[in-house]
Amino acid sequence: MKTRIEEAIAKADLVLIGIGEEFACDVQKMKRKSEYTEIISRIENKKEELNWILPFLVKDYLEKYQDECVEEAYEILHSLLQGKNYFIVTENIDGKIFKSSLDKERIVAPCGNYTYMQCEENCCHELLSAEQYAAETIASCKISAEHIDQIKPPVCPRCGERLVFNNVQAPSYEEAAYLPMWDKYMKWLQGTLNRNLCILELGVGFRYPTIIRWPFEKIGFLNQKADFFRVHHSLYQLSEELKGKGISKEENAVDFLRNTFVQ
Ligand SMILES: [Zn+2]
């Protein structure tokens, strides 16, 4: 499979990459970090009432802690794609891919991340930089963990409802942040027709099948010159239509990159 992928990338005019849940940062590991333990147990004691704080802790954790295996996998991907015209679609919201060496102008993250906040009701379709709100909330948590129930959530300046992070977990997700990059991706895709295309689908399951899984299968099927590679620890099977031009691998995609393409 290593040689097949290297040959397909070398031959390709364009490389399309899908990044799925196997690359997602495991935020459950946050619970094992002592700086969060007390805050999390106080939140859990209060149940629903304080749950709004958890995403702020996740953002803080994501900024402070690395997942070395995933980072290494992104860097391997970066070296595989050197000099190539590529585009990456990611389903993850941890934003880690934007901190890698991969070209930010060639990555679209339609599920959002922790960069912006939006109104929970999305009353105004506005996006607000999350930095200040996050810094203040985290500072309040750390100063007075015992008074955590007195911390006030940030609210929408327009309607007074809570502010939430601008990602798919928002009850009424505002999609404006990623749409310019999505347009760029759609134009890029139009340019793949009748060109040598290599498709790498890495660690993508069925959580959001309309983002990567189904469209990629269709693109691979319609393009006569496509090579299709699918890697996933359990959902690695290829559809009938792709059997001729595709190879799949039953392995976690992060492990696969690290085990197969030693840097
Ligand atoms: Zn509002």
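Refer to the structure above for everything that follows.
A brief report on the enclosed structure follows. (Residues numbered from 1 in each chain as written. Predicted model: local features only at pLDDT ≥ 70, side-chain atom pairs only at ≥ 80, totals over all residues. Heavy atoms only, no water.)

1. Observations concerning the packing of aromatic side chains
How we decide: Ring pairs shown here join Phe, Tyr and Trp side chains whose ring centres sit within 6.5 Å, with only the six-membered ring taken for Trp; geometry is labelled stacked below 30 degrees between planes, edge-to-face above 60, and tilted in between. Only DSSP runs of H or I with at least four residues qualify as helices, and only runs of E with at least two residues qualify as strands; both kinds are numbered from the N terminus onward. Here the term buried applies to any residue with accessible area under 20% of the maximum for its type, exposed to any over 50%, and partly exposed to those in between, with areas from a 1.4 Å probe on protein chains only. Counting as a charge over the ring demands two things of the Lys NZ or Arg CZ atom: a distance within 6 Å of the ring centre and an angle within 35 degrees of the ring normal.
Scanning all chains against the criterion turns up 12 aromatic pairs. Between the aromatic rings of Phe-87 and Trp-188, the centroid separation amounts to 5.8 Å while the plane-to-plane angle is 50°, which identifies the pairing as tilted. One end of the pair, Phe-87, is in strand β2 (residues 85-90); the other, Trp-188, is in helix α6 (residues 179-190), and 101 residues separate them in sequence. Summarising the burial analysis for this pair, Phe-87 and Trp-188 share the class buried. Ring geometry for Tyr-173 against Tyr-178: centres 6.4 Å apart, planes inclined by 20°, an arrangement best described as stacked. Take Tyr-173: its relative accessible area is 17%, and that puts it in the buried class. Joined through ring pairs, the aromatic side chains of Phe-87, Tyr-173, Tyr-178, Trp-182, Tyr-185 and Trp-188 make up one cluster. Against the face of Tyr-86 rests Arg-106, its NZ or CZ located 5.5 Å from the ring centre.

2. Let's talk about the sheet that holds strand β5 (residues 128-129)
Note the following rule: For two strands to be treated as a pair, DSSP must find at least two bridges joining them. Every residue pair with non-hydrogen atoms within 4.5 Å of one another is taken to be in contact. Comment: axis = line fitted to C-alpha atoms, over the contacting stretch for helices; angle = value between 0 and 180 degrees taken between N-to-C directions.
Spatially, the three strands line up as an open sheet ordered β5-β4-β6, and their pairing is antiparallel. On the outer flanks of this sheet lie β5 and β6 (163-167), each paired with one strand and no other. Pairing analysis gives four bridges linking strand β4 (residues 112-119) to β6, with the strands arranged antiparallel. Note that in β6 the partner of Gly-112 across the bridge is Asn-167. The strands that helix α3 (residues 54-64) touches are β4 and β6; relative to β4, the one it contacts most, it runs at about 150°.

3. Quick notes on helix α4 (residues 68-80)
To be explicit about the condition: What a helix is expected to span follows from its residue count: subtract one and scale by 1.5 Å. It is the directions from the helix axis to the C-beta atoms whose arc is reported.
Here α4 contains 13 residues, and its C-alpha end-to-end distance of 18 Å stays within 8% of the 18 Å for a straight helix at 1.5 Å per residue. Residues of α4 that are buried include every one of Val-70, Ala-73, Tyr-74, Ile-76, Leu-77 and Leu-80, and no others. Along the long axis of α4, the arc covered by the buried residues comes to 160°, so they all point the same way. Check the buried side of α4 and you find it contacts α1 (2-11), β1 (14-19), β7 (197-202) and α8 (253-260).

4. Some points on empty space enclosed by the protein
Rolled over the atoms, a probe sized like a water molecule indicates the empty space that remains. Applicable threshold: Think of a 1 Å grid over the protein atoms and nothing else: a 1.4 Å probe that fits but is trapped marks a cavity, an open set flanked by protein within 12 Å on at least five of seven lines marks a pocket, and residues with an atom within 4 Å of a point count as lining. Grid points are joined across faces, edges and corners, and a volume is the space filled by probe spheres set on the points. Side-chain classes follow a simple rule in which Ala, Val, Leu, Ile, Met, Phe, Trp, Tyr, Cys and Pro form the nonpolar group, Asp, Glu, Lys and Arg form the charged group, and the remainder, Gly included, forms the polar group.
In this structure the tally under the stated criterion is one cavity of 30 Å³ or more. The space that makes up the largest cavity amounts to roughly 40 Å³. If you trace the largest cavity, you find it lined by Tyr-74, Thr-90, Asn-92, Asp-94, Gly-95, Lys-96, Ile-97, Phe-98, Ala-109, Gly-112 and Asn-113. Tallied by class, the residues present in the lining of the largest cavity amount to four nonpolar, five polar and two charged.

5. Points about the sheet that holds strand β8 (residues 226-232)
Read from one edge to the other, the open sheet built from six strands follows the order β3-β2-β1-β7-β8-β9, with strand pairing classed as parallel. With one partner strand each, in any of the chains shown, β3 (107-108) and β9 (246-250) form the two edges of the open sheet. Of the pairings in the sheet, the one linking β8 to β9 comprises five bridges and is parallel in character. Residue His-232 lies in a different strand from β9, and its bridge partner there is Glu-250. Here α1 sits on the sheet in contact with β1, β7, β8 and β9, set at roughly 140° to β8. Contacting β1, β2, β3 and β7, α6 runs over the sheet at an angle of about 130° to β2.

6. Quick look at the nonpolar core
Under the convention used in this document: Throughout, nonpolar core names a set of buried Ala, Val, Leu, Ile, Met, Phe, Trp, Tyr and Cys residues whose side chains join them through atoms within 4.5 Å.
Grouped together as the largest cluster of nonpolar side chains are 53 residues, with contacts concentrated most on Leu-16, Leu-57 and Phe-216. No other element matches α3, which puts five residues into this core. Sequence-distant contacts of Phe-216, that is, excluding residues within four places in its chain, are made with Leu-16, Ile-17, Gly-18, Val-89, Tyr-185, Ile-199, Leu-200, Glu-201 and Phe-228. Of all hydrophobic cores here, the second largest spans 31 residues; its members include Leu-80, Ile-97, Ala-253 and Phe-256.

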